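Survey of secondary and tertiary structure
Chain by chain, the residues run as shown.
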Amino acid sequence: MSTTINTMDKLTIKTENKFRTLTTKQKYNKGEVICSMPSENITDKPNRFTVQIARDRHTHVGKLAALNHSCDPNVILDTENMEMVAARDIEKGEELYFFYPSTEWQMDAPFICLCGSANCINVVAGARFLALSTLERHYLNPHIRDLMIELLQGTKNNLEKIK
């Protein structure tokens, strides 16, 4: 990943019929840092405008709240480095999407996915509700990986008790 942090002025929010999208004003190469993630307003409770950055920490992300979900994302929200990174080459003017379960364990407001991807998960409710076979196709932030390991360990312990 690149170490150069670009600013939010390279992004634009478009609104059509009350639906917001975030697009880029320039081209990005895979692995390039697009911008840093805001982290001034941190809370322990999720809402529709926050991104989960740790087990019990959520941050209001300002302009990045206009990022929509896709099961075939073109950006990654890296919560360790607090950066948005290009997951593939991105053309100027392209809408930016990330895979919400890569940061969210359990969503405050689940919704039906309409991304149209061949690998669509259909209901976006958080990583907790997805099969490992689905999650392993995506970048997952450390807190999501840790929570998944705990869930699996708990399941293993419960199964051993009923033998």
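1. Comments concerning the overall build of the chain
Helix and strand counts for the chain stand at two helices and 12 strands. For the chain, the sequential pattern of α-helices and β-strands runs β-β-β-β-β-β-β-β-β-β-β-β-α-α. Here the C-alpha radius of gyration of the chain, 16 Å, is about what a compact globule of 163 residues would show, namely 15 Å. Along the three orthogonal principal directions, the C-alpha set of the chain runs to about 60 × 35 × 30 Å. Taking all 163 residues of the chain together, 43% fall into the buried category. Taking the contacts inside the chain whose residues are at least 6 apart along the sequence as the reference set, 59% of them involve residues at least 24 apart. Of the roughly 9200 Å² of accessible surface on the chain, 49% is carried by carbon and sulfur atoms. Both charge centroids of the chain, one from 20 positive and one from 20 negative side chains, sit 3 Å from each other.

2. Observations concerning the sheet that holds strand β3 (residues 33-36)
Reading across from one edge, β3-β9-β8 is the order of the three strands in this open sheet, with antiparallel pairing throughout. With one partner strand each, in any of the chains shown, β3 and β8 (75-78) form the two edges of the open sheet. On average, adjacent strands in this sheet sit at an angle of 20 degrees to one another, irrespective of strand direction. One ladder, built from three bridges, connects β3 with strand β9 (residues 83-86); its direction is antiparallel.

3. A word on the pattern of salt bridges
Scanning the entire structure with this criterion turns up two salt bridges. A salt bridge links E150 to R55, with the shortest nitrogen-to-oxygen separation between them at 2.5 Å. Taken together, the residues span a long stretch of sequence, with E150 in helix α2 (residues 142-161) and R55 in the loop between β5 (50-54) and β6 (57-60) at a distance of 95 residues. Note on E150: relative accessible area 42%, which makes it partly exposed. A residue is classified by how much of its surface remains accessible, and R55, at 37% relative accessible area, is partly exposed.

4. Re the sheet that holds β6
Backbone-to-backbone hydrogen bonds pair the strands of a sheet. The strands run either parallel or antiparallel. Here three strands make up an open sheet; going across it, the order is β4-β6-β5 and the pairing antiparallel. The open sheet is flanked by β4 (42-43) and β5, the only strands paired with a single partner.

5. Notes on the state of the cysteines
Following the criterion strictly, the structure yields zero disulfides and no others. Not engaged in a disulfide, the cysteine C115 finds its nearest cysteine sulfur in C113; these two sulfurs lie 3.5 Å apart. The exposure class assigned to C115 is partly exposed, which follows from its relative accessible area of 30%.

6. Topic: a nonpolar patch on the surface
Side chains of I112, L114 and V123 sit close together on the surface and give an oily, nonpolar patch of about 350 Å² of accessible area. One can find L114 in the loop between β11 (111-112) and β12 (123-124).

Conventions and cut-offs
Residues numbered from 1 in each chain as written. Predicted model: local features only at pLDDT ≥ 70, side-chain atom pairs only at ≥ 80, totals over all residues. Heavy atoms only, no water. Helix = DSSP H or I, 4+ residues; strand = E, 2+ residues; numbered from the N terminus. Rg over C-alpha atoms; globule rule 2.2 N^0.38 Å. Buried < 20%, exposed > 50% of the residue type's maximum accessible area, 1.4 Å probe, protein only. Contact = heavy atoms within 4.5 Å. Areas by Shrake-Rupley, 256 points an atom, 1.4 Å probe, with all protein chains shown as cover. Lys, Arg positive; Asp, Glu negative; His and termini not counted. Charge placed at Lys NZ, Arg CZ, Asp CG, Glu CD. Pairing = 2+ DSSP bridges. Axes fitted to C-alpha atoms, helices over the stretch in contact; angles between N-to-C directions. Salt bridge = Lys/Arg side-chain N within 4 Å of Asp/Glu carboxyl O. Disulfide = S-S within 2.5 Å. Patch = residues over 30% accessible without salt bridge, like charges linked within 9 Å, V, L, I, M, F, W, Y side chains within 5 Å.

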